[in-house]
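Structure assessment
Take a look at the letters that make up each chain.
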Amino acid sequence: MVVVGAGIAGVACARELAAAGVPVQIRERARVAGGRMASKRFDGRPADIGAAYFTVSDPDFACVVEGWRAAGLAREWTDTFLAYGADGRHAVPGPMRWAAPRGLRSLVTDLATGLPVTVDRLVLGVEPGPRVDGTGCEAVVLAMPGPQAALLLDPTLADATRAVQAQQWTSTLTAVLRFPRRRWPDFAGAFVNDHPVLTLLCDDGDRRGDGEPVLVAHTTAEFAGRHLLQPTAAAPAVEQAVRDLLALPEPADHVHVHRWTYAKPATGLSGAYHLDDDGVGLAGDAFGQPRVQTAWLSGRELGRALVRRLTT
């Protein structure tokens, strides 16, 4: 069994297979596991450049999170964000948001402990059989955004092709901004409504718990769409938008911009996963609300479905 994609959905799927004694391999085209639970180090300090946080409502996922909390990998962050809009600024209570002191990627790495993960490995295609990158296997899981999965599928795999074509995704740019000092009022995170550049702003020093003067900004899909070919060129506009929003007098010392062409599913599909008679499975947060928990549940449920198919 081959799982393509070492994000949380792919790793959750592989864990179910491995626990049932099904031989499984995970192949990841990036140099590290994590997918969109991505973290990047700046001067040795991690900053989350993909998902900003996660929430918990499912009891089984809560057990996984409790393990992370007990190991010091995850912590409760905040249940209150600010909201900026035409009516000014106000607090918005909500569910508890969880963060990871070592970056959200560390949680996927922990979940993948003991699993055979091959990184920096490009899978060229999935053909009827299916066969992955020239290696025969009984089934294959594509745990990635639908538009990326579509590039791998042989067109004769009609069911899987229709399933990925049903997915719609939006883009974003994520900017990590390090300032000389903390010059903004205390806040954890902020939703930015009806803004030409920003949608979400997080105080990464508060999120990480180390108080460092680092902000992480996420842009609108429309703004990102104009800068996907050259995301670094968007840095001045994003920095200015952040400084204007928080009335910051000093420029940032450093701005790093990361492009997410497929950042978030625009609409949730029915069901928890896709699995067809050709042996192609699809998993991820496109199957439901765009949440970390959704991706974990999707991968786990697909893994269980594959175990049932292989053992009956």
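Residues numbered from 1 in each chain as written. Predicted model: local features only at pLDDT ≥ 70, side-chain atom pairs only at ≥ 80, totals over all residues. Heavy atoms only, no water.

All right, on to the pattern of salt bridges then. Side chains carrying opposite charge are able to pair once their charged atoms draw close together. Counting across every chain of the model gives 17 salt bridges. With a shortest N-O distance of 2.3 Å, glutamate 250 and arginine 181 are connected by a salt bridge. Pair noted here: glutamate 250 is in the loop between α8 (235-246) and β16 (254-265) and arginine 181 is in the loop between β12 (169-178) and β13 (189-192), with a separation of 69 residues, a long-range link. Close ionic contact of glutamate 301 with arginine 300 constitutes a salt bridge, the shortest N to O distance being 2.8 Å. Residue class for glutamate 301 comes out partly exposed when judged on its relative accessible area of 22%. Exposure remark for arginine 300: the relative accessible area of 7% places this residue in the buried category. Residues participating in the shared-partner salt-bridge network are Arg45, Asp48, Asp204, Arg207, Arg208 and Asp210. (Salt bridge = Lys/Arg side-chain N within 4 Å of Asp/Glu carboxyl O. Helix = DSSP H or I, 4+ residues; strand = E, 2+ residues; numbered from the N terminus. Buried < 20%, exposed > 50% of the residue type's maximum accessible area, 1.4 Å probe, protein only.)

This part is about α8. Between its terminal C-alpha atoms α8 stretches 17 Å, which fits the 16 Å expected from twelve residues at 1.5 Å a residue. The complete set of buried residues in α8 reads Ala235, Val238, Glu239, Ala241, Val242, Arg243, Leu245 and Leu246. Directly beyond the C-terminal end of α8, a positive phi value near 55 degrees is found at alanine 247. (Expected span 1.5 Å × (residues − 1).)

Turning to the side chain of serine 39, a few remarks are in order. Here serine 39 lies in strand β3 (residues 39-42). Here arginine 105 takes part through its backbone nitrogen, which lies 3.3 Å from a polar atom of the side chain of serine 39. (Polar contact = N/O pair within 3.5 Å; in protein donor to acceptor, adjacent residues only side chain to side chain.)

Attention shifts here to the sheet that holds strand β6 (residues 88-99). Across the sheet, which stays open at both edges, the seven strands sit in the order β6-β5-β13-β14-β15-β12-β16 with mixed pairing between neighbours. Because the sheet does not close on itself, it has two edges, and the strands there are β6 and β16. Taking the axes of each pair of neighbouring strands and ignoring which way they run, one obtains an average angle of 20 degrees across the sheet. Two elements, β13 and strand β14 (residues 198-203), share three bridges in a ladder whose sense is antiparallel. Along β14, the bridge assignment pairs phenylalanine 191 with leucine 200. On the sheet, α8 packs against β5 (75-85), β12, β13, β14, β15 (214-219) and β16 and is oriented at approximately 70 degrees with respect to β14. (Pairing = 2+ DSSP bridges. Axes fitted to C-alpha atoms, helices over the stretch in contact; angles between N-to-C directions. Contact = heavy atoms within 4.5 Å.)

Summed over all chains, the structure comprises ten aromatic pairs. Seen in terms of ring centroids, phenylalanine 54 and tryptophan 68 are 6.1 Å apart; in terms of plane orientation they differ by 75 degrees. Their pairing is edge-to-face. A residue pair is termed long-range when its members are at least 10 positions apart, and phenylalanine 54 in the loop between β4 (45-48) and α2 (59-70) and tryptophan 68 in helix α2 qualify at 14 residues. Phenylalanine 54 gets classed as buried once you look at its relative accessible area, which sits at 1%. (Phe/Tyr/Trp six-rings, centres within 6.5 Å; stacked < 30°, edge-to-face > 60°.)

What follows is about the pairing of β5. Pairing of β5 with β6, which is carried by nine bridges, proceeds in the antiparallel orientation. Residue pairing in the sheet places alanine 83 in a bridge with histidine 90 of β6. Once β5 ends, the chain turns through two residues before running back antiparallel as β6. Here β5 runs beside β13; their pairing, made up of three bridges, is parallel. Pairing of tyrosine 84 across the sheet is with valine 192, part of β13.

Here the focus is the environment of serine 171. Within the element layout of this structure, serine 171 appears in strand β12. Each C-alpha atom of the pair serine 171 and valine 56 lies 25 Å from the other, and the pair is 115 residues apart in sequence. When near neighbours in sequence (up to four residues on either side) are disregarded, serine 171 contacts Thr220, Ala221, Ala224, Leu228, Trp260, Thr261 and Ala263. A polar side-chain atom of serine 171 sits 2.6 Å from the main-chain carbonyl oxygen of threonine 261.

One broad trend across soluble globular proteins is that nonpolar side chains are buried collectively. Formed by 42 residues in total, the largest nonpolar core has its most connected members in Ile8, Leu17, Phe54, Trp68, Leu107 and Leu306. For this core, the secondary-structure elements that each account for two or more residues are α1 (8-19), α2, α3 (105-111) and α9 (292-311). Looking at which domains feed residues into this core, each of domain 1 (1-29 + 121-168 + 268-311) and domain 2 (48-104 + 169-266) supplies at least three. Excluding residues that lie within four positions of it along the chain, tryptophan 68 makes contacts with Ile8, Phe54, Phe61, Leu73, Ala74, Leu107, Asp110 and Leu111. Of all hydrophobic cores here, the second largest spans 28 residues; its members include Trp184, Val197, Leu215 and Leu245. (Core = buried A, V, L, I, M, F, W, Y, C linked by side-chain atoms within 4.5 Å. Domains from an automatic or database assignment.)

This part is about the domain arrangement of the protein chain. Under the domain assignment used here, the protein chain contains domain 1 (1-29 + 121-168 + 268-311) and domain 2 (48-104 + 169-266). Computed over C-alpha atoms, the centres of domain 1 and domain 2 are 29 Å apart. Taken together, the contact pairs 17 residues of domain 1 with 16 residues of domain 2. For the pair domain 1 and domain 2, the summed buried area comes to about 1,300 Å², and 68% of that belongs to carbon and sulfur atoms. Broken down residue by residue, the surface that domain 1 buries against domain 2 is led by Gln168, Gln293 and Trp296, which jointly contribute 39%. For aspartate 60, the salt bridge is made with arginine 300, and the minimal N-O distance between the two is 2.6 Å. For the pair domain 1 and domain 2, the number of links is five residue pairs in polar contact (both at pLDDT 80 or more). Contributing elements (two or more residues each) for the side of domain 1 that touches domain 2: α4 (146-150) and α9. In terms of residue class, the side of domain 1 that touches domain 2 is made up of eight nonpolar, six polar and three charged. (Buried area = accessible area lost by both parts, 1.4 Å probe. Nonpolar A, V, L, I, M, F, W, Y, C, P; charged D, E, K, R; others polar.)

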